[in-house]
Amino acid sequence: MYARAHEDRYQHAPSDDDTVAGRLGEALVADGRLTQGQLAEALQARTRTGSTLASVLIATGAVRRRDVYEVLARVWGRPFIDLTTTELDRDLLRSVAFEELVARHWLPVRRLPGGDVLVATSVEPSRELLDDVESTLGGPAELHVTTEWDLSRTVIRAHHDVVADRATMALWERDTDQSARQVANRTQKVVGGVSLAVLVVLLVLAPRATLIALSAVGGFGFLVSVAFKFVVCLAGARLDWFESITEEDLAGMSDEDLPSYTVLVPVFREANVVAHLIENLGALDYPPEKLQILLLLEQDDDETREAALASRPPETITLLTVPRGAPQTKPRACNVGLFFATGDCLVIYDAEDKPDPDQLRKAAVAFDRGEESLVCVQAALNYWNAEENALTRMFTLEYSFWFDYMLPGLDLRRMPIPLGGTSNHFRTAALRSLGGWDPFNVTEDADLGIRAAALGTTVGVINSTTFEEANRAYGNFVRQRSRWIKGYMQTTLVHLRHPVRLVRTVGWRATIGFALLVGGTPLSFLLVPPLYLAFVLSLLVPPDALSPYFPGWVLWVALLNLLVGNVLMIYVSMMGAFKRRRYRLVPWALLNPLYWLLHSVASYKALWQLVTRPHYWEKTDHGLSALGGGDAGPADRAGDAVGPAAPA
Amino acid sequence: MPWVPPRRRDRWPRDPIARWAVRTGLSLPYLALAWLVVERGVSSRLNAATDEAGAAVEWGASTFGWVSEAYPPIPVGIAGVLPWGTAALSVVGALAAGPLLHSLVERLVRRDVPVPLVVLLIASVALTPLFGYLATEDLSGFLALALLVVALEGFLRFVTEADTEGGFQAGLLLGVAAACDVSSVVFALLLGASAPFVARARYRGVPAAGRATAAVLAFPAVAALLGWAFLEWRFSGTVLDSVLEAATVEHSGDNLGEAAVHVARTTLHLPLFYVCGALLTVRRPAALIAYLMPLPGLVVAAWLGLHTGAGATVVILSGLALLAVPARPSRGVALLLGVAAVAQVVVVWLVVTPNRLAGPWIALLF
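Conventions and cut-offs
Residues numbered from 1 in each chain as written. Chains lettered and ligands numbered in written order. Predicted model: local features only at pLDDT ≥ 70, side-chain atom pairs only at ≥ 80, totals over all residues. Heavy atoms only, no water. Helix = DSSP H or I, 4+ residues; strand = E, 2+ residues; numbered from the N terminus. Rg over C-alpha atoms; globule rule 2.2 N^0.38 Å. Buried < 20%, exposed > 50% of the residue type's maximum accessible area, 1.4 Å probe, protein only. Contact = heavy atoms within 4.5 Å. Areas by Shrake-Rupley, 256 points an atom, 1.4 Å probe, with all protein chains shown as cover. Salt bridge = Lys/Arg side-chain N within 4 Å of Asp/Glu carboxyl O. Pairing = 2+ DSSP bridges. Axes fitted to C-alpha atoms, helices over the stretch in contact; angles between N-to-C directions.

1. Describing the overall build of chain A
Thinking step 1. Helices and strands together make up the secondary structure of chain A, namely 24 helices and eleven strands.
Thinking step 2. Against the compact-globule benchmark of 26 Å for 648 residues, chain A has a radius of gyration of 27 Å, which places it among compact chains.
Thinking step 3. With respect to the principal axes defined by its C-alpha atoms, chain A has extents near 95 × 55 × 45 Å.
Thinking step 4. Among the 648 residues that make up chain A, the fraction classed as buried is 60%.
Thinking step 5. Taking all contacts inside chain A whose residues are at least 6 apart in sequence as the whole, residues at least 24 apart take part in 80%.
Thinking step 6. When the accessible surface of chain A is summed, it comes to about 24800 Å², and 59% of that surface belongs to carbon and sulfur atoms.

2. Some details on the pattern of salt bridges
All names here are of chain A.
Thinking step 1. Evaluation of the coordinates by the stated rule reveals 39 salt bridges over all chains.
Thinking step 2. Here aspartate 82 and arginine 66 are joined by a salt bridge, their closest N and O atoms 2.7 Å apart. Placement of aspartate 82 in the loop between α5 (65–76) and α6 (90–94) and of arginine 66 in helix α5 is noted, with a sequence separation of 16 residues between them.
Thinking step 3. Given the relative accessible area of 15%, aspartate 82 is considered buried.
Thinking step 4. The partly exposed category is assigned to arginine 66, whose relative accessible area is 30%.
Thinking step 5. The shortest N-O distance in the salt bridge between glutamate 134 and arginine 127 comes to 4.0 Å.
Thinking step 6. Put simply, Asp31, Arg33, Arg66, Glu70, Arg74 and Asp82 are held in one network by salt bridges that share partners.

3. Observations concerning the side chain of Ser482(A)
Thinking step 1. Along the chain, Ser482(A) turns up in helix α21 (residues 474–495).
Thinking step 2. Not counting chain neighbours up to four residues away, the residues in contact with Ser482(A) comprise Ala602(A), Lys605(A), Ala606(A) and Glu618(A).

4. Side note on the sheet that holds strand β6 (residues 317–322) of chain A
All names here are of chain A.
Thinking step 1. The strand order across the open sheet formed by eight strands is β6-β5-β4-β7-β10-β9-β11-β8, and the pairing between neighbours is mixed. Strand pairing shows two members of the sheet lacking a second neighbour, β6 and β8 (354–355), which therefore form its edges.
Thinking step 2. As paired elements, strand β5 (residues 291–298) and β6 share six bridges and run parallel to each other. By the bridge assignment for β6, glutamate 298 is matched with valine 322.
Thinking step 3. Most of the contacts of helix α17 (residues 359–369) go to strand β11 (residues 458–468), to which it runs at about 175 degrees, and overall it touches β4 (261–267), β5, β7 (345–348), β8, β9 (374–383), β10 (424–427) and β11.

5. Focus on unusual backbone geometry
Thinking step 1. Residue Pro327(A) is bonded to the preceding Ala326(A) through a cis peptide linkage, with omega at 0 degrees.
Thinking step 2. Tracing the backbone shows Pro327(A) in the loop between β6 and α16 (330–340).
Thinking step 3. Residue Tyr71(B) is joined to Pro72(B) through a cis peptide bond whose omega torsion reads 0 degrees.
Thinking step 4. Along the chain, Pro72(B) falls in the loop between α2 (45–55) and α3 (73–81).
Thinking step 5. Phi at Leu240(B) is positive, roughly 65 degrees, even though this residue is not glycine.
Thinking step 6. Given the relative accessible area of 23%, Leu240(B) is considered partly exposed.
Thinking step 7. Positive phi is not limited to glycine here, since Arg328(B) has a value of about 40 degrees.
Thinking step 8. Among the structural elements, Arg328(B) can be located in the loop between α17 (310–323) and α18 (331–355).

And the structure:
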């Protein structure tokens with residue numbers, strides 16, 4: 001079980017045997033900082049969850065973090081040191097790698113007049129710790145106690161340039177081919193350039209034959225892509241009655257067995273939603289003493305920081321400043337969060353997310369019974385403002401189809417799953433082994449899901465939902481979608497750099513599935529305008545007029561796409577809405593052809609940006625909904641219900 | 001606790017290879033029958049018409065003038081692809097019989113019906129000469145009714161068990177069936193329209209649920225028909241002429257009342273249909289509407305002159321009866337069902353068959 005399996009080096013709470021707990025409790029009561037009743041409750045929680053008494057007291061808000069550590073310092077017989085008011089020897093601090101400082105929970109503060117080094121630690125200053133410190137520093141040291149918050153903040157302040165560099169460059173330095181820092185490698189550039197040149201030459205020399213060939217390839221590709229999505233959806237639909245994590249499963253995992261959990265919430269210019277975020281995270285049903293919530297704030301985003309502080313976050317939420325650097329992307333912020341994550345498991349939420357309260361527990365069960373190769377589970381995403389306007393309706397239809405049919409279908413077929421934005425739950429150690437997120441990839445989540453598969457690990461899905469705010473503004477939608485599509489293009493280029501290696505690792509089926517899903521999606525959207533244009537033209541001219549450009553089988557494939565492909569995609573969209581009990585949205589699925597046109601606008605923008613600004617992060621504005629974060633009702637949550645959700 | 005990979009609804013047999021072996025095994029008697037049909041040179045005008053339309057298909061051509069004669073596209077397309085004329089159509093029909101019977105067997109097995117009773121119940125459908133006749137002599141109608149029966153299985157799950165996969169199955173199969181026989185569109189519309197009534201208790205207080213259910217059930221079939229209408233309009237200038245032509249093959253000229261009498265009279269020869277209906281009334285009265293819904297479909301289809309006959313009525317209603325067999329039947333219920341199944345085989349052989357197309361067909365074969 002996790003409580004026993006987690007790595008000591010990431011244990012963040014002070015060690016806690018019965019003696020220490022007893023003395024800590026007595027001292028806090030004696031100081032008048034805790035009542036006997038509160039102590040009794042905290043001790044019960046400690047027994048129930050297997051957490052330390054200090055963690056329980058801090059997480060429940062019974063005692064302030066600083067007070068706990070001050071008393072602990074007394075219990076441990078060491079002085080307390082306030083790092084926010086202490087002068088630091090920056091050179092000394094930087095003499096130890098920041099990863100070491102984070103992992104070992106101590107840092108050198110300054111040299112004392114006698115030559116000893118004053119060292120601050122947030123764990124019990126034992127003999128072993130002192131030996132470790134002195135062997136690292138090469139001389140005698142004197143241990144003082146501080147809070148783990150102050151420790152982290154000091155480390156990040158002193159090593160901000162290193163933290164920024166590691167968060168940005170670690171994956172690139174590990175394996176350049178796994179990073180989207182270079183859009184295409186040399187081989188890809190050569191192949192792409194030659195292909196483009198040949199295409200231009202052919203268009204000049206034999207325009208009609210070239211257009212026919214392009215039309216044939218495009219039509220066939222579209223058909224295959226639609227067929228693939230449809231087959232995967234059907235597989236997903238067959239899981240209607242399968243509930244991956246049941247109530248019994250949840251009941252079978254006691255609080256003590258639950259792993260410690262880190263929640264990363266990258267926020268940027270989201271002062272308007274940060275108060276909601278804190279409220280939503282507070283609704284998570286998880287022992288607070290096992291939660292570490294890191295609110296990742298960009299260094300220059302004072303507005304959001306002030307809003308977060310003004311909302312008086314609980315002790316379980318830590319505001320972590322992401323050092324300034326480029327590219328200023330969400331994955332870069334997440335990498336910083338990953339450095340300081342102490343949980344056995346880790347999840348990402350966006351600022352506007354409303355996860356199901358039991359989502360962390362479900363993920364914990366999934367990991368507990370999963371094989372070691374299961375590194376990530378994805379929860380479904382859906383929208384709480386589904387019926388706000390036409391765009392939110394279409395967005396909700398799309399998400400219902402994607403998360404309720406496509407991803408479970410991919411899971412069933414053991415194919416790579418492109419993770420979806422938020423609510424990706426990881427085993428923290430495995431995530432570190434994968435190299436964290438690629439800060440140069442603007443759909444770092446999809447990339448990570450595919451990288452996980454490419455490295456021989458697996459990603460699964462759980463029957464839990466996070467509700468988000470659907471984009472209600474068309475310009476905002478195109479911005480957001482262009483980023484997603486650009487990210488899919490980046491991901492395709494990254495993972496097809498070594499196609500043979502990919503096939504060897506994940507097999508033919510999964511490779512083709514990846515190519516069709518991640519590579520095929522942008523291509524399909526790019527093909528939409530020419531296909532629509534051809535359709536409109538075909539209606540305006542006599543049937544035979546276009547036959548020189550659509551000879552024989554090319555025309556057959558085009559008609560198949562028109563009459564069967566469109567119908568199938570509309571139909572799965574209808575079914576997705578039906579499963580979610582969004583009955584009013586079902587007829588809206590008929591408008592999908594117009595919605596796809598919007599995607600194609602975004603896809604051309606994405607293609608342009610892939611060339612001109614490959615790493616630019618198109619920021620999506622949140623908090624635009626006029627509904628103001630309405631509650632997701634039971635019908636909305638139907639995708640996770642026991643069995644299917646249809647007419648009930 | 002071991003990791004339980006996601007899995008779909010229980011299938012029978014679990015192993016896909018075994019499943020296909022069962023389907024193939026169930027097809028074998030009809031393949032033998034198809035061989036006999038070919039051997040004796042007994043070919044119906046229905047398959048002959050399909051074969052003739054198939055010959056007109058110009059595969060890969062840039063012109064589509066022939067679409068005005070190519071409805072229903074799936075059987076006509078099969079006829080166009082396969083050599084050996086009507087013989088090939090008989091073989092395809094025989095092959096389709098296996099998956100249809102397997103879907104019925106699978107449902108019965110999943111509902112823990114005792115094996116001997118499964119055998120008798122399946123015999124009530126499979127051993128009727130009308131089934132063999134349709135399979136080997138009317139590919140278009142047989143494919144449509146086979147798809148309809150499997151769609152009905154999904155429909156029942158969709159409206160009574162709230163299983164969206166059942167909705168998928170029903171809607172999609174009705175859509176494919178619409179490309180096999182236009183009468184399927186009537187069934188799709190009727191099933192769609194009936195769904196809210198069938199599941200009235202479920203829908204209470206849920207706005208738009210009924211409309212959504214109807215859309216899920218009817219959309220693929222309607223889209224298939226409209227798609228075909230577009231093709232025909234675009235390339236031959238007519239609208240649904242080919243559909244109407246194919247639909248009136250067996251037009252009886254009955255008015256609605258006469259069509260209803262014909263259908264009702266045929267049901268009188270299907271004791272199993274009545275027994276299963278009675279059992280359903282006792283156990284799940286709300287599901288009775290779904291059970292009876294194909295009846296108006298058959299009546300309307302007959303009235304409109306669409307491609308249905310007594311053979312289709314027998315197979316559809318017999319199949320439907322099997323879909324409604326209660327789970328884990330008691331000894332008494334099993335006995336009742338067994339007797340009804342045997343009686344139905346006897347009645348269909350002795351009473352229905354001699355008066356229908358299948359009678360002379362049997363005489364020619366044997």
